[in-house]
Amino acid sequence: MAGNWKMYKTPAETIAFFDKFRPLVAQSNHCEIVICPPFTNLAAAVESARGLPIGIGAQNIGWAKEGAFTGEVSGSMIRALGASHAIVGHSERRQYFAETDGTVLKRTQAALEFELTPIVCVGERLEERETGRTEELLVTQFQNGIAGLSESQFARIVIAYEPVWAIGTGKTATPEIAADAHRVIRSQVRAKFGRAAGDSVRILYGGSVKPDNVKSLMAQPEIDGVLVGGASLDPVSFASIVNF
Ligand code: 13P
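Let us look at the structure shown here.

Reading the values: the criteria
- Residues numbered from 1 in each chain as written.
- Predicted model: local features only at pLDDT ≥ 70, side-chain atom pairs only at ≥ 80, totals over all residues.
- Heavy atoms only, no water.
- Helix = DSSP H or I, 4+ residues; strand = E, 2+ residues; numbered from the N terminus.
- Rg over C-alpha atoms; globule rule 2.2 N^0.38 Å.
- Buried < 20%, exposed > 50% of the residue type's maximum accessible area, 1.4 Å probe, protein only.
- Contact = heavy atoms within 4.5 Å.
- Areas by Shrake-Rupley, 256 points an atom, 1.4 Å probe, with all protein chains shown as cover.
- Lys, Arg positive; Asp, Glu negative; His and termini not counted.
- Charge placed at Lys NZ, Arg CZ, Asp CG, Glu CD.
- Polar contact = N/O pair within 3.5 Å; in protein donor to acceptor, adjacent residues only side chain to side chain.
- Core = buried A, V, L, I, M, F, W, Y, C linked by side-chain atoms within 4.5 Å.
- Near = heavy atom within 4 Å.
- Nonpolar A, V, L, I, M, F, W, Y, C, P; charged D, E, K, R; others polar.

Focus: the overall build of the chain
Okay, step 1: Of the regular secondary structure elements, the chain holds twelve helices and eight strands.
Okay, step 2: For a compact globule of 244 residues, the expected C-alpha radius of gyration is about 18 Å, and the chain comes in at 17 Å, within 12% of that figure.
Okay, step 3: For the chain, the spread of C-alpha atoms along the principal axes amounts to about 45 × 45 × 35 Å.
Okay, step 4: Taken over 244 residues, the chain has a buried fraction of 53%.
Okay, step 5: For the chain, the proportion of contacts with a sequence separation of at least 24, taken over those separated by at least 6, is 69%.
Okay, step 6: With the model as given, the accessible surface of the chain reaches about 11,000 Å², and the carbon-plus-sulfur share is 53%.
Okay, step 7: Averaging the locations of the 24 positively and 26 negatively charged side chains of the chain gives two centres separated by 2 Å.

Now the structure itself:
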């Protein structure tokens, strides 16, 4: 159960979040919890989650170890802060910052190189859904991105299916729509990396997940977890999603 805070919260607000969140998930051993704050809050989040089974992730990752890449933050830097995960290829990065399937692959490989678990995001825009091209888009994103990994690299990633039309809009994909998309992704995984990889890869759903719809989404066997934006900013609401 992962939270993506996007461009919200200061370090002080991060500490305040964890002070409230910690007791609410103290018994939540049924799942893995990951919170991805902005880079500037990673140190505060790692410190706040110390000793707890809560992973901390970045929201992006540079593909080089270091170098003249103004504005980028590398995997070795993220790792040095004690983070364990990195979101890669979020649709907002694709939409506003020219992220492509090619750069998504490079960032995914960088995360793996620095022993961070990449949460690789895919998903169609409204236009693709409305013109019946959802499957085609998911296949393209897979083939041009994730399919470039080796089998052993693939075994260490998490995939997040986030239909762009459902992000921040209050329009959740129905559990059936989400499960259909997860099946498309899983069949791509099986074809490329084998049946066992297809069975074991974790695929999260993201897009307007809230405390009142998480249960029906998680009831789908295809959906292994959720990637939550807005509703992960509040400790009570994110804890109730974690404890669905
Ligand atoms: P919302 O939950 O705010 O729709 O955001 C989803 C998302 O983009 C998570 O990465």
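What to know about the side chain of threonine 103
Okay, step 1: One can find threonine 103 in helix α5 (residues 101–113).
Okay, step 2: There is a polar contact of 2.9 Å between the side chain of threonine 103 and the backbone nitrogen of threonine 100.

Digging into the nonpolar core
Okay, step 1: Within the largest apolar cluster, 63 residues are counted, with the highest numbers of intra-cluster contacts made by Phe21, Ile146, Phe154 and Ile159.
Okay, step 2: Once residues lying within four places of it in the same chain are set aside, the contact partners of phenylalanine 154 are Ile146, Leu149, Ile159, Val189, Phe193, Ala197 and Val201.
Okay, step 3: Listed in part, the ten residues of the second largest apolar core include Val34, Ile119, Cys121 and Ala160.

Things to note about the site of the ligand
Okay, step 1: Around the ligand, the surrounding shell consists of Asn4, Lys6, His90, Glu162, Ala166, Ile167, Gly168, Gly207, Ser208, Leu227, Gly229 and Gly230.
Okay, step 2: Lysine 6 is positioned such that a nitrogen or oxygen atom in its side chain is 2.9 Å from an oxygen atom of the ligand.
Okay, step 3: The backbone of serine 208 places a nitrogen or oxygen atom 2.8 Å from an oxygen atom of the ligand.
Okay, step 4: Contact with the protein chains covers 97% of the free accessible surface of the ligand, which is 310 Å².
Okay, step 5: Looking at the shell around the ligand residue by residue, the classes come out as three nonpolar, seven polar and two charged.

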